[in-house]
Amino acid sequence: MIVVTGEALVDRVTTSDGDVRDALGGAPYNVARALARLGVATEFAGTVSTDALGDDLTAELERDGVSLQRVQRVTSPTTLALADVDDRGTARYEFVLDGTSAPMLEHLDPIGAEVDAVVTGGLGIVLHPMASAIVEALAVLDDEVLLFVDVNCRPAVIAERARYLAELRRVLARADVIKVSDEDLDVLAPDLDVEQLLTLGAAAVIVTAGGDGTEVVTPSGRIDVPVAPLPGALVDTIGAGDTFSAGFIAWWTVAGFGRVGLRGPGALDRLGAAVAAAGQAAAVTVTRRGCDPPHLADLPSTWTQNPFA
C-alpha cells in the first residue's frame with residue numbers, strides 16, 4: 001500500500017491556440033492516479049471539496065482504483081491552478097488558493113508499517129494548515145515506511161521563504177528519496193543544493209532536467225540516466241513529473257526492495273533501473289493531453305521485471 005498526501009485541485013488550462021479547458025490535477029493527486037493505474041494499491045490522503053468539481057475529483061480517483069479511505073471532504077470550493085501551455089507543451093501555473101479546499105487538511109491519521117511508502121511534496125509542504133498536518137504526520141512515520149518527497153517548488157505561493165525552508169528541511173530529514181528538478185534547485189539556491197540535501201539524511205537525490213536526462217546522486221556515487229524515447233509526438237508536459245514519481249515508486253515497490261534496498265551494495269544500480277522505468281512511464285504521459293498517466297498495459301511487458309532478481 002502506498003499513501004500519497006497533498007493537494008487535489010483543478011487545472012484550468014489555456015493552450016497556445018487560446019483553447020481553455022479544465023483538467024483534474026494537483027501533483028499528489030496525479031501521483032495517486034498514476035500509481036493505481038500501474039497496479040499498486042494506493043490511498044490518497046487530502047481534502048476534496050463537496051462541490052461539483054470535487055465530485056469529479058473523487059470519481060476519477062475511484063475509476064482509477066485509488067482508495068478514498070483517507071480523503072476528507074470539505075465545503076470550501078475546489079482549488080484552481082491556472083495553467084498556460086506554450087507551443088512547446090510546457091505549462092506555467094498560477095493558483096487560486098484563498099478559502100479553497102486543498103489547504104484545508106488539518107489532520108492525518110497515523111501511518112503504520114502496513115504502508116510500504118508515502119509520497120508527498122509540492123504544495124503539501126507550503127499551504128497551511130495542510131503543510132503542518134503533513135509535517136507532523138511524517139515526524140512520527142513508522143521506521144519501516146519509505147518516504148519519497150518530490151520537492152516540486154512553486155515559488156509564486158511561498159509567502160514566507162524562511163518558514164517554508166524550515167518545514168521543508170523537517171520533511172527532508174526523514175526522506176529516503178528526494179526528487180528535485182533543475183528548476184527546483186534554482187529556487188532553493190543558495191539555501192539547499194544536492195550535497196546539502198544528502199546531508200539531511202536521504203539515501204538518494206534524483207535530479208530531473210527535462211530532455212537533458214536525470215541524475216541519481218547518493219552518498220557513495222552518482223549515475224546519469226538518459227531520457228526515455230517517446231512512443232509518439234509530444235503533446236504537453238502536464239503530469240510528466242508526477243508520472244515519473246509514480247513510476248519510480250511503483251517499480252521499486254513491485255521489485256520488493258523497500259527502504260533497505262536504497263542503501264548498501266548495488267543500491268546505485270537499483271536506483272538507476274527504477275529511474276529508467278520511471279522515465280518510460282513519463283514518456284507516455286507527455287504524448288497525451290493533460291495528465292493521463294499510462295496503465296500497466298500501456299508499457300512494455302518487461303516493465304515490471306526485476307533485473308536483479
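Everything discussed here concerns the structure shown above.
Below, the structure is looked at part by part. (Residues numbered from 1 in each chain as written. Predicted model: local features only at pLDDT ≥ 70, side-chain atom pairs only at ≥ 80, totals over all residues. Heavy atoms only, no water.)

## Considering unusual backbone geometry
Each neighbour pair has its own omega, and for His128 with Pro129 the value is 10°, a cis peptide bond. Following the sequence through the fold, Pro129 ends up in the loop between β9 (117–121) and α3 (130–139). In this structure, the amide linkage connecting Ala189 to the following residue, Pro190, adopts the cis form with an omega of 0°. Along the chain, Pro190 turns up in the loop between α5 (182–188) and α6 (194–199). Positive phi is not limited to glycine here, since Asn152 has a value of about 45°. Along the polypeptide, Asn152 turns up in the loop between β10 (146–150) and α4 (161–172). Taking relative accessible area as the criterion, Asn152 reaches 15% and is therefore assigned buried. (Helix = DSSP H or I, 4+ residues; strand = E, 2+ residues; numbered from the N terminus. Buried < 20%, exposed > 50% of the residue type's maximum accessible area, 1.4 Å probe, protein only.)

## With respect to the nonpolar core
In terms of nonpolar packing, the biggest core is built from 48 residues, with Leu35, Phe44, Phe248, Ile249, Trp251 and Trp252 touching the most fellow members. Among the elements of the structure, β1 (2–5), α1 (27–37), α2 (52–64), β9, β10, β12 (204–208), α7 (240–255) and α8 (267–285) are those that each provide at least two residues to this core. If we ignore the near neighbours within four places in the chain, the residues touching Trp252 are Leu146, Phe257, Gly258, Gly261, Leu262, Arg270, Leu271 and Ala274. With 47 residues, the next largest nonpolar core counts Val115, Leu147, Val207 and Val217 among its residues. (Core = buried A, V, L, I, M, F, W, Y, C linked by side-chain atoms within 4.5 Å. Contact = heavy atoms within 4.5 Å.)

## Digging into empty space enclosed by the protein
All chains considered together, the criterion is met by one cavity of 30 Å³ or more. If you add up the space inside the largest cavity, you get close to 70 Å³. Secondary structure elements with two or more residues in the lining of the largest cavity: α1, β9 and α7. Classifying every residue of the lining of the largest cavity gives five nonpolar, five polar and two charged. (1 Å grid on protein atoms, 1.4 Å probe; cavity = no way out; pocket = protein on both sides within 12 Å on 5 of 7 lines; lining within 4 Å. Points joined across faces, edges and corners; volume = space filled by probe spheres on them. Nonpolar A, V, L, I, M, F, W, Y, C, P; charged D, E, K, R; others polar.)

## Observations regarding the layout of surface pockets
For the second largest pocket, the calculated volume is near 230 Å³. If you trace the second largest pocket, you find it lined by Leu97, Pro103, Val126, Leu127, His128, Val157, Ile158, Ala159, Glu160, Arg163, Tyr164 and Glu167.

## Here's the deal with the sheet that holds β12
The sheet built from eight strands is open, its strands ordered β4-β1-β9-β10-β11-β12-β13-β14 with mixed pairing. Looking at strand neighbours, the two that pair on one side only are β4 (42–45) and β14 (221–225), the edges of this open sheet. The mean angle between the axes of side-by-side strands here comes to 15°, regardless of whether they run parallel or antiparallel. Examined bridge by bridge, β1 and β9 share three bridges and lie parallel to one another. Within β9, the position partnered with Ile2 by the bridge is Ala117. (Pairing = 2+ DSSP bridges. Axes fitted to C-alpha atoms, helices over the stretch in contact; angles between N-to-C directions.)

## Let's talk about the pairing of β12
Both faces of the sheet carry side chains from a regular strand, because those side chains alternate between them. Across the five residues that make up β12, a large majority, five, are buried. Every second residue of β12 is oriented toward a common face, with Ala204, Ile206 and Thr208 on one face and Val205 and Val207 on the other, all of them buried. Sheet topology note: the strand β11 (residues 177–181)/β12 ladder contains five bridges and is parallel. Counterpart to Val177 in the pairing with β12 is Ala204. As paired strands, β12 and strand β13 (residues 214–218) are joined by four bridges and run antiparallel to one another. Along β13, the bridge assignment pairs Val205 with Val217. Counting the residues that bridge the hairpin from β12 to β13 gives five residues, and of these Gly210 lies at a positive phi of roughly 55°.

## Overview of the pattern of salt bridges
On inspection of all chains with the given rule, the structure shows 18 salt bridges. For Arg21, the salt bridge is made with Asp236, and the minimal N-O distance between the two is 3.9 Å. Placement of the pair is Arg21 in strand β3 (residues 20–25) and Asp236 in the loop between β14 and α7, with a sequence separation of 215 residues. A salt bridge links Arg73 to Asp55; the shortest N-O distance between them is 2.8 Å. In this pair, Arg73 sits in strand β6 (residues 72–74) while Asp55 sits in helix α2, placing the two residues 18 residues apart along the sequence. Classification of Asp55 by relative accessible area gives partly exposed; the value is 39%. Taken together, the shared-partner salt bridges connect Arg33, Arg37, Glu60, Arg63, Asp64, Arg288, Asp292 and Asp298 into one network. (Salt bridge = Lys/Arg side-chain N within 4 Å of Asp/Glu carboxyl O.)

Shape is all these values report; function is a separate question.
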